[in-house]
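Single-letter residue listing:
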Amino acid sequence: MGKELIVVGDRVLIAPDTSGDRTDTGLYLPQGVKEKEKVQCGRIIKAGPGYPLPDPASVEVEPWQQTPEFAGKYFPLQAKVGDYCIFLRNSGVEIEYEQVKYIVVPHSAILVVLRDI
């Protein structure tokens, strides 16, 4: 029986980039930023389903209104698995899973996403 790491809500699991001040994609981080570690780069490994939408049962519905069709659904995140991103390090939580270090951040902590198109 295996295990699976599931990211919930608006959280994103990132494998931090531990290389120098230039990323593989050509982005440069200024030395001052690198020293203070306020921002960091990494690859998105997993993303949660998004922001939960309200359950229509919890919202009063008048008899003349139609029942909302978004029960149990999520508003999706902009960041996707495989994207390279720059994120706010202070907003993240470092975890280790199967001897690999990751950082879990809320979607709002992601500043820039670089995606292959």
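(A) How the structure looks around the overall build of the protein. Within the protein one finds one helix and eight strands. For the protein, with 117 residues in total, the buried portion stands at 26%. Total accessible area computed for the protein in this model is approximately 8400 Å², and 54% of it derives from carbon and sulfur atoms.

(B) Here's a closer look at the sheet that holds strand β1 (residues 11–16). Read from one edge of the open sheet, six strands run β6-β7-β1-β2-β5-β8, paired in antiparallel fashion. The open sheet is flanked by β6 (93–97) and β8 (110–114), the only strands paired with a single partner. Across this sheet, the average inter-strand angle for adjacent strands is 40°, counted without regard to direction. Alignment of strand β5 (residues 84–88) against β8, held across four bridges, turns out to be antiparallel.

(C) Summary view of the side chain of D17. Mapping D17 onto the fold places it in the loop between β1 and α1 (31–36). With relative accessibility at 18%, the residue D17 sits in the buried group. There is a polar contact of 2.4 Å between the side chain of D17 and the side chain of Y84.

(D) Region of the structure containing the side chain of Q40. Here Q40 lies in strand β2 (residues 39–47). Take Q40: its relative accessible area is 15%, and that puts it in the buried class. In terms of polar contacts, Q40 uses its side chain to reach the side chain of R89, at 3.3 Å. Apart from the residues lying within four places of it in its own chain, the contact partners of Q40 are P16, D17, C85, I86, F87, R89 and I103.

(E) Quick peek at a nonpolar patch on the surface. Judged by side-chain polarity, Y51, L53 and F75 come together as a nonpolar surface patch covering roughly 270 Å² of accessible area. Following the sequence through the fold, L53 ends up in the loop between β3 (51–52) and β4 (74–75).

(F) Quick peek at the pattern of salt bridges. One pass over the full model with this rule turns up five salt bridges. Ionic pairing is found between D10 and R11, a salt bridge with its closest N-O pair at 2.5 Å. Under the relative-accessibility criterion, R11 is labelled partly exposed at 36%. Here R115 ties to D83 by a salt bridge, and the two come within 2.7 Å at their closest N and O atoms. Remark: D83 occurs in the loop between β4 and β5 and R115 occurs in the segment after β8; sequence separation between them is 32 residues. Residue class for R115 comes out partly exposed when judged on its relative accessible area of 39%. For D83, a relative accessible area of 3% translates into the label buried. One connected set of salt bridges, linked through shared partners, spans R89, E94 and K101.

Scoring rules and cut-offs
Residues numbered from 1 in each chain as written. Predicted model: local features only at pLDDT ≥ 70, side-chain atom pairs only at ≥ 80, totals over all residues. Heavy atoms only, no water. Helix = DSSP H or I, 4+ residues; strand = E, 2+ residues; numbered from the N terminus. Buried < 20%, exposed > 50% of the residue type's maximum accessible area, 1.4 Å probe, protein only. Areas by Shrake-Rupley, 256 points an atom, 1.4 Å probe, with all protein chains shown as cover. Pairing = 2+ DSSP bridges. Axes fitted to C-alpha atoms, helices over the stretch in contact; angles between N-to-C directions. Polar contact = N/O pair within 3.5 Å; in protein donor to acceptor, adjacent residues only side chain to side chain. Contact = heavy atoms within 4.5 Å. Patch = residues over 30% accessible without salt bridge, like charges linked within 9 Å, V, L, I, M, F, W, Y side chains within 5 Å. Salt bridge = Lys/Arg side-chain N within 4 Å of Asp/Glu carboxyl O.

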